[in-house]
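Residues per chain are reported as follows:
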Amino acid sequence: MLNTVQRQVVFIRKFFQSPRRIGAIAPSSSALAQEMVARARVRNAAAILEFGPGTGSFTRQIIACKSAAAPLLSIEADPGLTILLRKKFTSVAIAAGYAQNARRIMKAYGFPSPDCIVSGLPWSLFDSKTQQDILTEAKAVLKPGGYFATFAYIHALSFPEARAFRCLLQSNFPVFEISRIVWNNLPPAIVYCCRKEV
Ligand SMILES: C[S@@+](CC[C@H](N)C(=O)[O-])C[C@H]1O[C@@H](n2cnc3c(N)ncnc32)[C@H](O)[C@@H]1O
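Residues numbered from 1 in each chain as written. Predicted model: local features only at pLDDT ≥ 70, side-chain atom pairs only at ≥ 80, totals over all residues. Heavy atoms only, no water.

1. A word on the overall build of the chain
A tally of helices and strands in the chain yields eight helices and seven strands. Per-residue burial over the chain gives 53% buried out of 198 residues. The contacts in the chain between residues at least 6 apart in sequence include a share of 68% that link residues at least 24 apart. In the form shown here, the chain has an accessible surface area of approximately 9,400 Å², with 57% of it arising from carbon and sulfur atoms. (Helix = DSSP H or I, 4+ residues; strand = E, 2+ residues; numbered from the N terminus. Buried < 20%, exposed > 50% of the residue type's maximum accessible area, 1.4 Å probe, protein only. Contact = heavy atoms within 4.5 Å. Areas by Shrake-Rupley, 256 points an atom, 1.4 Å probe, with all protein chains shown as cover.)

Structural data, given as structure tokens:
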């Protein structure tokens, strides 16, 4: 099991290897992980899907909060991180692949429709077609009334790409919530939580 410093070293190394895929300079804090998991209503979920677990900050918090019977499937695009996550979280199904292919991956794992999706994906690095493809996939797999939680860094909220992504979330989901600012994260962030039609 990696300690916090080792996790940060892995994260920074991965960032320099593929900055356009990782999209953050430090692992998310446990304060941000707690806000994400609370907003996604992981505690009440019968099945949970995670996009872009990275080094597993959100994964750890999901495991701590979810019911023991609720399965978790995490989809990670970086093959090296996938290996690391499988060693670290032996009770979780870790799929090597892209969130855009969630339906196909879930089918391969025999995974049921999730009640919530917890996303660590670096949205600002995706073009608008990729963002929409992933949201389409998310809506297709979620149960009716299911929750989709993601986050945004506050220093970038006024950037055109960030504003466009927020509009995209609002146009894809009928319910859209924004959390308080989570200051204890590098950089500080807010959580967006969306709900699919019931
Ligand atoms: C910002 S990092 C996740 C941070 C995570 N919350 C943590 O603290 O470790 C984003 C992750 O998304 C993964 N990723 C990027 N594009 C992806 C995609 N299309 N599907 C699945 N994972 C993807 C990257 O490889 C990276 O591990």
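2. Here we look at the side chain of Ser-179
By the secondary structure assignment, Ser-179 is in the loop between strand 6 (175–178) and strand 7 (189–195). Of the polar contacts made by the side chain of Ser-179, one reaches the backbone nitrogen of Val-191; its length is 2.8 Å. Those residues in contact with Ser-179, other than ones at most four positions away along the chain, are Glu-35, Arg-39, Ile-190 and Val-191. (Polar contact = N/O pair within 3.5 Å; in protein donor to acceptor, adjacent residues only side chain to side chain.)

3. Remarks on the environment of Ala-99
Inspection of the secondary structure puts Ala-99 in the loop between strand 3 (93–96) and helix 6 (102–109). Its relative accessible area of 5% is what places Ala-99 among the buried residues. It is 9.4 Å that separates the C-alpha atoms of Ala-99 and Ser-74, two residues lying 25 residues apart in sequence. Leave out the neighbours within four places in its chain, and Ala-99 touches Phe-51, Ile-75, Leu-121, Ile-134 and Glu-137.

4. Focus: the nonpolar core
Formed by 29 residues in total, the largest nonpolar core has its most connected members in Phe-51, Phe-148 and Leu-169. At the level of elements, strand 1 (48–51), strand 2 (72–76), helix 6, helix 7 (128–141), strand 5 (147–153), helix 8 (160–172) and strand 7 are the ones that each hand at least two residues to this core. Element by element, the count of residues in this core is highest for helix 7, at four residues. Not counting residues up to four positions away in its chain, the partners in contact with Leu-169 are Leu-135, Phe-148, Thr-150, Phe-176, Tyr-192 and Cys-194. Core analysis: the next-biggest nonpolar cluster, separate from the first, contains 28 residues, Val-37, Phe-58, Phe-89 and Ile-94 among them. (Core = buried A, V, L, I, M, F, W, Y, C linked by side-chain atoms within 4.5 Å.)

5. Here we look at the sheet that holds strand 3
Spatial strand order, 3-2-1-4-5-7-6: seven strands in an open sheet with mixed pairing. Two strands in the sheet have a free side with no partner beyond their single neighbour: strand 3 and strand 6. Averaged over all neighbouring strand pairs, the angle between strand axes comes to 20 degrees, with direction disregarded. Inspection of the sheet shows strand 1 paired to strand 2 by four bridges, in the parallel sense. Of the residues in strand 2, the one forming a bridge with Phe-51 is Ile-75. Where helix 8 meets the sheet, its contacts fall on strand 5, strand 6 and strand 7, and the angle it forms with strand 6 comes to roughly 140 degrees. (Pairing = 2+ DSSP bridges. Axes fitted to C-alpha atoms, helices over the stretch in contact; angles between N-to-C directions.)

The quantities given are spatial measurements derived from coordinates; they are silent on function.
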